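If you want the building blocks of each chain, they are given just below.
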Amino acid sequence: MAEPQEETTMTTTATDFAKLTGTYTIDPAHTRIGFVARHAMVTKVRGAFNEFEGTAVLDGDTPANSTATVTISAASIDTRNAQRDEHLRSNDFLAMESYPEITFVSTAVRQTGDADFEVTGDLTIKGVTNTVTIPFTYEGAATDPFGNVRVGFEGAVTINRKDYGVTWNAALETGGVLVSEKIVLEFEVSAVKNA
């Protein structure tokens, strides 16, 4: 009688990750860096940053050695409402003239599951830096029609904008405030392996 095969729970094997080792450039045309804020306590405002650049160095054998950096243009904020966007660019919120960039620089990467990672790093908004840990899921790799190796990752993290000196608000007659303190940052990343 044959011995029963050992069940493997890994959907993405270590050797798959090993093939991914290399330096990648974030593809802005296929990447979304977005955010969600609660507005007037009853609805959500979704937006995104349209201009950014970033790189990731993936170490498939030792994911902990991987790194990532992202630089976002604060002026590229887009909530599909020109008046609101101007307000968000102003000193009430992002003060983009004094602080034109939002940056994230990783300090640690930890694999937490078969395709799950936690990326810890320094997030700087409006000149204030705090450490955040963003859970990411590896969505897969593919070779596109142009021969580029692409990887996909998705993640999100909730931050308190007051931690970054973004404190403007307006009280509502019914109680509560116009803009939530908690903001969800969303990352849907497609990165291309450098030749």
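Everything that follows concerns the structure shown earlier in this document.
Now for a look at the structure at hand.

What counts and what doesn't
Residues numbered from 1 in each chain as written. Predicted model: local features only at pLDDT ≥ 70, side-chain atom pairs only at ≥ 80, totals over all residues. Heavy atoms only, no water. Helix = DSSP H or I, 4+ residues; strand = E, 2+ residues; numbered from the N terminus. Buried < 20%, exposed > 50% of the residue type's maximum accessible area, 1.4 Å probe, protein only. Polar contact = N/O pair within 3.5 Å; in protein donor to acceptor, adjacent residues only side chain to side chain. Core = buried A, V, L, I, M, F, W, Y, C linked by side-chain atoms within 4.5 Å. Contact = heavy atoms within 4.5 Å. Arc of directions from axis to C-beta. Pairing = 2+ DSSP bridges. Salt bridge = Lys/Arg side-chain N within 4 Å of Asp/Glu carboxyl O. Phe/Tyr/Trp six-rings, centres within 6.5 Å; stacked < 30°, edge-to-face > 60°.

**Some thoughts on the environment of Thr131**
Inspection of the secondary structure assignment puts Thr131 in strand E9 (residues 128-143). The class for Thr131 is exposed, based on a relative accessible area of 55%. On a C-alpha basis, the gap between Thr131 and Val105 in space is 9.6 Å, while along the polypeptide they are 26 residues apart. In this structure the side chain of Thr131 is engaged in a polar contact, spanning 3.5 Å, whose partner is the side chain of Asp122.

**Comments concerning the nonpolar core**
Core analysis: the largest hydrophobic core is formed by 42 residues, its most contacted members being Leu123 and Ile159. By residue number, the principal contributor to this core is strand E11 (residues 179-193), which donates 6 residues. Aside from chain neighbours lying at most four places away, what touches Ile159 is Leu123, Ile125, Val132, Tyr164, Glu181, Lys182, Ile183 and Leu185.

**Topic: helix H2 (residues 82-89)**
Restricting attention to buried positions, one finds in H2 the residues Asp85, Leu88 and Arg89. Taken down its axis, H2 places every buried residue within 100° of arc, on the same side. Along H2, the residues that are exposed and aim more than 90 degrees away from the buried face are Gln83 and Glu86. Looking at the buried positions of H2, the neighbouring elements they touch are strand E6 (77-78). In this structure Asn81 caps H2, since a side-chain oxygen of it lies 3.2 Å from the backbone nitrogen of Gln83.

**A look at the pairing of strand E4 (residues 52-58)**
Of the two faces of E4, only the one carrying Phe52, Gly54, Ala56 and Leu58 is buried; Glu53, Thr55 and Val57 on the other face are not. Strand direction decides the pairing type here: strand E1 (residues 22-26) and E4, joined by 4 bridges, are antiparallel. Along E4, the bridge assignment pairs Tyr24 with Ala56. By the bridge criterion, 6 bridges tie E4 to strand E5 (residues 67-73) in an arrangement that is antiparallel. Note that in E5 the partner of Thr55 across the bridge is Thr69.

**Considerations on the pairing of strand E8 (residues 116-125)**
The buried fraction of E8 amounts to 7 of the 10 residues, a majority that puts the element mostly inside the structure. Direction of pairing for strand E7 (residues 101-111) relative to E8: antiparallel, over a ladder of 8 bridges. Bridge pairing links Val105 to Asp122 in E8. Count of turn residues in the E7/E8 antiparallel hairpin: 4 residues. Pairing of E8 with E9, which is carried by 10 bridges, proceeds in the antiparallel orientation. By the bridge assignment for E9, Thr120 is matched with Thr133. Hairpin connection, E8 to E9: the antiparallel pair is bridged by 2 residues, and Lys126 has positive phi, about 55°.

**Things to note about the pattern of salt bridges**
Evaluated as defined, the whole model comprises 8 salt bridges. In this structure, the salt-bridge partner of Arg89 is Glu86, at a minimum N-O distance of 2.9 Å. Taken together, the residues span about one helical turn, with Arg89 and Glu86 both in helix H2 at a distance of 3 residues. Put simply, Glu181 and Lys162 hold a salt bridge, and the shortest N to O gap is 3.1 Å. Of this pair, Glu181 sits in strand E11 while Lys162 sits in the loop between strand E10 (149-160) and E11, and the two are 19 residues apart along the sequence. Each member of the salt-bridge network shares a partner with another, and the members are Arg32, Arg46, Glu186 and Glu188.

**Digging into the packing of aromatic side chains**
Inspection of the entire model under this criterion finds 7 aromatic pairs. Ring geometry for Phe93 versus Trp168: centroids 5.3 Å apart, planes at 55°, classification tilted. In this pair, Phe93 sits in the loop between H2 and E7 while Trp168 sits in the loop between E10 and E11, placing the two residues 75 residues apart along the sequence.

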